[in-house]
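Listed here are the chains, written in short residue letters.
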Amino acid sequence: EQGYKAQVLAKACVNVALVKIRLDADYLGNESINLDTDSCDILPINKDGDVYTISTQGVVGSVLRKNRAIVTRAEDPETLEVTLTLDSWQEVADL
């Protein structure tokens, strides 16, 4: 159960980072997100042009789960509509 909950937290932080990147092209992570009585971490985001590598972790008790997602952000210069393309998302052993 702790492993499952830690993974859910790590995924939640990826989702938070995706929203923040969509709203702000300069968002670079490096924060903890409080979710009820638990929290997860968005580690510093590696940005290469419009490609963002998001690394997160969730911890419950002594169980740590890590996720890495790679996303490409595009903004239409006329409409200012922002599109995120999720290139990959996986649980990883090391970040």
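Here the structure is a predicted model, which is why all the values come from computation and not from measurement.

Caption draft 1: Quick peek at the overall build of the protein. When its secondary structure is counted, the protein shows 1 helix and 6 strands. In the protein, the succession of helices and strands from N to C terminus is α-β-β-β-β-β-β. The C-alpha atoms of the protein give a radius of gyration of 14 Å, which matches the 12 Å a tight globule of 95 residues would have. The dimensions of the protein, computed from C-alpha atoms along their principal axes, are 50 × 25 × 20 Å. Residues counted as buried form 35% of the 95 residues belonging to the protein. A total of about 5,800 Å² of accessible surface is found on the protein, and carbon and sulfur atoms cover 47% of it. The positive charge centre, built from 9 side chains, and the negative charge centre, built from 16, are 6 Å apart in the protein.

Caption draft 2: The state of the cysteines, seen in detail. Tallying each qualifying case throughout the model produces 1 disulfide. Note that Cys 13 is cross-linked by a disulfide to Cys 40, the S-S spacing being 2.0 Å. Residues Cys 13 and Cys 40 are joined through a disulfide that is right-handed, its torsion about the S-S bond being 90°. Taken together, the residues Cys 13 in helix H1 (residues 2–23) and Cys 40 in strand E2 (residues 38–44) connect sequence positions 27 residues apart. Residue Cys 13 is classed as buried on the basis of its relative accessible area of 0%.

Caption draft 3: Structural detail: the nonpolar core. Formed by 18 residues in total, the largest nonpolar core has its most connected members in Ala 17, Ile 21, Tyr 27, Ile 42, Ile 45, Ile 54 and Val 71. When residues of this core are traced back to their parent elements, those giving at least two are H1, E2, strand E4 (51–60) and strand E5 (63–75). Tallying contributions element by element places H1 first for this core, with 7 residues. The residues contacting Ile 21, other than those within four sequence positions of it, are Tyr 27, Ile 45, Tyr 52, Ile 54, Val 71, Arg 73 and Leu 84.

Caption draft 4: Geometry of the pattern of salt bridges. Across all of its chains, the model carries 5 salt bridges by this definition. As a salt-bridge pair, Lys 5 and Asp 38 come within 3.0 Å of each other at their nearest N and O atoms. Residue Lys 5 is found in helix H1, and its partner Asp 38 is found in strand E2; the two are separated by 33 residues along the sequence. Assessed through its relative accessible area of 36%, Lys 5 is described here as partly exposed. Across the pair Glu 75 and Arg 73 runs a salt bridge, and its minimum N-O distance is 3.2 Å. Take Glu 75: its relative accessible area is 41%, and that puts it in the partly exposed class. Taking the relative accessible area as the measure of exposure, Arg 73 reaches 8% and is therefore buried.

Parameters at a glance
- Residues numbered from 1 in each chain as written.
- Predicted model: local features only at pLDDT ≥ 70, side-chain atom pairs only at ≥ 80, totals over all residues.
- Heavy atoms only, no water.
- Helix = DSSP H or I, 4+ residues; strand = E, 2+ residues; numbered from the N terminus.
- Rg over C-alpha atoms; globule rule 2.2 N^0.38 Å.
- Buried < 20%, exposed > 50% of the residue type's maximum accessible area, 1.4 Å probe, protein only.
- Areas by Shrake-Rupley, 256 points an atom, 1.4 Å probe, with all protein chains shown as cover.
- Lys, Arg positive; Asp, Glu negative; His and termini not counted.
- Charge placed at Lys NZ, Arg CZ, Asp CG, Glu CD.
- Disulfide = S-S within 2.5 Å.
- Core = buried A, V, L, I, M, F, W, Y, C linked by side-chain atoms within 4.5 Å.
- Contact = heavy atoms within 4.5 Å.
- Salt bridge = Lys/Arg side-chain N within 4 Å of Asp/Glu carboxyl O.

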